[in-house]
Structure formats: structure tokens, C-alpha cells
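Coordinate inspection notes
The primary structure of each chain is shown beneath.
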Amino acid sequence: MHATNKPFHIEKRWVYEAFLAIKSNGKAAGVDGQTLEQFEANLSSNLYKIWNRMSSGTYFPPPVRAVPIPKKSGGERILGVPTVADRVAQMVVKRQIETILEPIFLADSYGYRPNKSALDAVRVTRERCWKYDWVLEFDIKGLFDNIDHELMLRAVRKHITSKWVLLYIERWLKAPMAKEDGTMLERNQGTPQGGVVSPSMANLFLHYAFDLWMTRTHPDLPWCRYADDGLVHCRSLQEAEALKAELQARLAECRLEMHPTKTKIVYCKDGRRKGGYPNVMFDFLGYCFKPRMVKRSRDKSMFCGFTPAVSVSAMKAMREAIRDLNLRRQTQMSLGDIALKLNPLLRGWIAYYGRFTPSALKPLLRYVNLTLMAWARRKFRSFKRRTILTGRFFERLAKMRSDLFVHWQQGMVGAFA
């Protein structure tokens, strides 16, 4: 029931639904050290506190915990982890603004949006690379760290009229960040990467900084954006170079910077396109687009196409994830136990990276099988130093028990040698 003595109308069910929404999205503790399990142990009381403070205007977000995570390209990215309670509060606001902002966002903005996915962006990019010879691949340097608060709030106020939503968005933008050594970083720009409401804020900012600008100034050039990674398809090298200079100036107007090394012009070279250019490949959302031999579905003949397949960096990250499980030494486990650990990973990887050029996953599946063989040689004396025998055993097992591992179920068995 709504309490009439509260200045802001926030229904209690919104807070409970927000908790259900954040429950599956990460369980790391914030600065208060409270885990999701600890929060849930006293759920009614904790949710009531959030509702009471938000509806009375007295909710002040605690600092976010700074967590450094390695980048694929080297270096570190600082992830801002809110407390569990703050994630719930942010989700309440996110669900309110999402219904308002979704209708204004453009179709080719794919990141962090309902009913849109990274695979949708990869699919449309693949189709456009067939039609356009050139691609400008751009990346915004430190988007989440450098969003200008004044411009951000101007965009928010243009669409959001709810006083309590505006109040809490402004407080989240200003919430400090607590480093591992205990020092506090005050923030006058940026929105924490890791915050629940941050992706919506970033999308709104780039809606004005890039999406609408691109549609207004270059309506004839198709583009695709996923958060701070974007592509624009061009008809000539000169057009791509001119656009790069224009976009750099536009981002500077919005107090952002184009990444100097991750931004490049690429020639979509295939069997029809002649001539040379230094860059004939680019990575986008874990896929590498480059010239490769593919088979025509019509007559099974081979031709050179500019197509996506899992990228080298994505393959490396997947192998490292398997290596980190240290399965080869887990001889106390059964094969079924190993399947329970591996299958969720494999299921997600195959569903994502197997959508386009699934044959490119074969090296990964072979690595999985070799890991299983290494585990078996450690666990069973009869397999020790007998690689060929172990391989033959697993080949038979994959046929007899194809239900054991996800890649065996889907016929993507992979080699055992």
C-alpha cells in the first residue's frame, strides 16, 4: 500500500521486483562487505529500508567499491561495484527510466537494451560489410569514466520529469569511489562502470553525442553501436577518412575522446574487391571480421568472403577460463562433476560464438577434450603416458555418452589428438 505521508510515490512491489532483477546479475559485495546471501537472509527488513528511504527522499548512495579488472588489450579497467542495497535502488530507477528512454533510442543502438543483443549487432554488421567496401571502427576512450555530468543531466532532464528519479540519478553520478587502500575518490565526471543505472546513462549520452548526430549529418551511411564500440560503413576510403575527422571533432564537442589506437579504417576485402590496404580485419563484440574462405549454401563451392568468426582474443579468454578451473589436477572429481563445471561455460560460448562460422570453435573444443584427456591420465593409472589409448577411449565415450558434454551433444565433438 502507498503511504500518503511520503513525498515520493514509490510502490513497495517495485523494490521487490528490482531485487529479483539484480539477483542473477553478479553477487560481489560492495564497500559494506554484504553479500547477496547476507542481504537475502533479512530480505523484508532490507527492502523496507530501501523503500522507506527512497520514498522519503533520504536515500543517499554509499560509495562504490573500486575493483580493477584486466583489459583484453592490456592494462586495467576500474569497475565500480555498488552495494547490494544500492543495486536494488538503482534497479528501481532503471526500470522507471527504461520505459521512457527505450522509445527514443534508435534501432542501431544495441548495447544494454531489452530485446536487443550483441549477436543482433554482429548479424547486421555482417550484412552491411557485403554491401559497403569500407568500415570506420571507432572506440571512445574511457566513456564511463569521462561522461560530463552537466551534459548528462541536461539529457536526463529532457526526458525524465519524475523528481525522485532525477534526485537519485544526480546522487549516483556524484557518489565517490572507494579504492582498495581505503582512499575515497570524489567524482565530478563519469558514471561507474558496474552500476546498474550506468548503462542507461551511457546510452542516453551517446544517443545525443553520436546516434542523432550521425543520423542528422550522414543519413546515407549505416552505423551500428554497442555501448562505446561502434562502426560506420562507408563507400570509399576518402569518405571514411573525412568521417573519422568529423567524428573526432564531434566527440570533442561532447567532452569525449576518440581512442587513438582502437579507432581505424578497414577495407572489407573479399573475392570481388581488388586492391590493397593495410587494414583488412577488425574485431567487434568478440568476433573477428576478415577475408576468409566460406562455402556457398547453394552449390557448396568455396569463395572468399568478408565474414565474422570468433576472435583470437576471445579464444584466448575462453582457454584461460578453462585453465583457471585447474581441471587437470582435480582427480578427486568424477567426469560428471567436471561436466557440471564445464557445461555452463560451453553452452554460453557455443550459443554466442557458434552463431557465425561455428567451425572456428574447433581449436577450443579440441582444447577442452585435451584437458579431459590430461585429467584422465592423472586419475587412472591405465591411461598414464598412453595418449593414443586415452584418445580412443574418449572418442568412444563421446559417441556412447554424447549427453555428457554440451559440445558432444551438439555434434561439435572436436578432435582428441
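Residues numbered from 1 in each chain as written. Predicted model: local features only at pLDDT ≥ 70, side-chain atom pairs only at ≥ 80, totals over all residues. Heavy atoms only, no water.

1. Digging into the pairing of strand β10 (residues 287–295)
Sheet analysis places strand β9 (residues 282–284) next to β10, joined by three bridges and oriented antiparallel. Within β10, the position partnered with D283 by the bridge is C288. In this structure, β10 lies alongside strand β11 (residues 302–310), joined through nine bridges in antiparallel fashion. If you follow F289 over to β11, its bridge partner there is P308. (Pairing = 2+ DSSP bridges. Helix = DSSP H or I, 4+ residues; strand = E, 2+ residues; numbered from the N terminus.)

2. So, the sheet that holds β10
Reading across from one edge, β9-β10-β11 is the order of the three strands in this open sheet, with antiparallel pairing throughout. The two strands at the open ends of the sheet, each matched to only one other strand, are β9 and β11. Sheet twist, expressed as the average angle between the axes of neighbouring strands with direction ignored, equals 50°. In the packing of helix α5 (residues 118–131) onto the sheet, contacts are made with β9, β10 and β11, and the angle to β10 comes to roughly 60°. (Axes fitted to C-alpha atoms, helices over the stretch in contact; angles between N-to-C directions. Contact = heavy atoms within 4.5 Å.)

3. Describing the pattern of salt bridges
This model, assessed by the stated rule, comprises 21 salt bridges. A salt bridge links R154 to E150; the nearest nitrogen and oxygen atoms lie 3.6 Å apart. Placement of the pair is R154 and E150 together in helix α7 (residues 149–159), with a separation of four residues, close to one helical turn. Under the relative-accessibility criterion, E150 is labelled partly exposed at 48%. (Salt bridge = Lys/Arg side-chain N within 4 Å of Asp/Glu carboxyl O. Buried < 20%, exposed > 50% of the residue type's maximum accessible area, 1.4 Å probe, protein only.)

4. A word on the nonpolar core
One finds M54, V93, W164 and V232 to be the most contacted residues of the largest nonpolar core, which totals 69 residues. Not counting residues up to four positions away in its chain, the partners in contact with W164 are F8, H9, I10, W14, M54, V92, V93 and Q96. A121, F282, L364 and L365 belong to the second largest nonpolar core, which has 56 residues in total. (Core = buried A, V, L, I, M, F, W, Y, C linked by side-chain atoms within 4.5 Å.)

5. Concerning helix α10 (residues 237–253)
Over its 17 residues, α10 runs 25 Å from end to end, which matches the ideal 24 Å to within 8%, given 1.5 Å per residue. In this structure, the buried side of α10 is in contact with β3 (134–139), α9 (198–217), β7 (229–234) and β8 (264–267). At the exit of α10 stands R255, carrying a positive phi of roughly 65°. (Expected span 1.5 Å × (residues − 1).)

6. As for the packing of helix α4 (residues 84–101) against helix α8 (residues 163–174)
Where α4 contacts α8, the two axes come as close as 11 Å, and the packing angle between them is 130°. On the basis of their axis angle, the class for α4 and α8 is oblique. Seen along the crossing, α4 lies across α8 with a hand that is left-handed. The residues of α8 that touch α4, namely those facing D86, A89, Q90, V92, V93, Q96 and I97, are W164, V165, Y168, I169 and W172. Its residues assigned to classes, the contact of α4 with α8 comprises nine nonpolar, two polar and one charged. (Parallel < 35°, antiparallel > 145°, perpendicular 65-115°, else oblique. Left-handed = near helix turned anticlockwise from the far one by under 90°. Nonpolar A, V, L, I, M, F, W, Y, C, P; charged D, E, K, R; others polar.)

7. Brief notes about the packing of aromatic side chains
Two aromatic rings, taken as a pair, are described by how far apart their centres are and by the angle between their planes. One pass over the full model with this rule turns up 21 aromatic pairs. For the pair F138 and F210, a centre-to-centre distance of 4.8 Å together with 45° between the ring planes defines the contact as tilted. One end of the pair, F138, is in strand β3; the other, F210, is in helix α9, with 72 residues separating them in the sequence. Ring geometry for Y287 versus F356: centroids 5.7 Å apart, planes at 75°, classification edge-to-face. One end of the pair, Y287, is in strand β10; the other, F356, is in the loop between α12 (335–353) and α13 (362–379), with 69 residues separating them in the sequence. An aromatic cluster is defined as three or more aromatic residues linked by ring pairs; in this entry it consists of W375, F380, F383, F393 and F394. (Phe/Tyr/Trp six-rings, centres within 6.5 Å; stacked < 30°, edge-to-face > 60°.)

8. Topic: α12
For an α-helix, 3.6 residues make a turn, and residues three or four places apart therefore share a direction. In this model, α12 (19 residues) spans 25 Å end to end at C-alpha, consistent with the 27 Å of a helix rising 1.5 Å per residue. At L342, α12 shows its strongest bend, of approximately 40°, with the proline P344 following within four residues. L335, I338, A339, L342, N343, L346, W349, I350, Y352 and Y353 are the residues of α12 that are buried. (Bend = angle between axes of the 7 residues up to and from the residue.)

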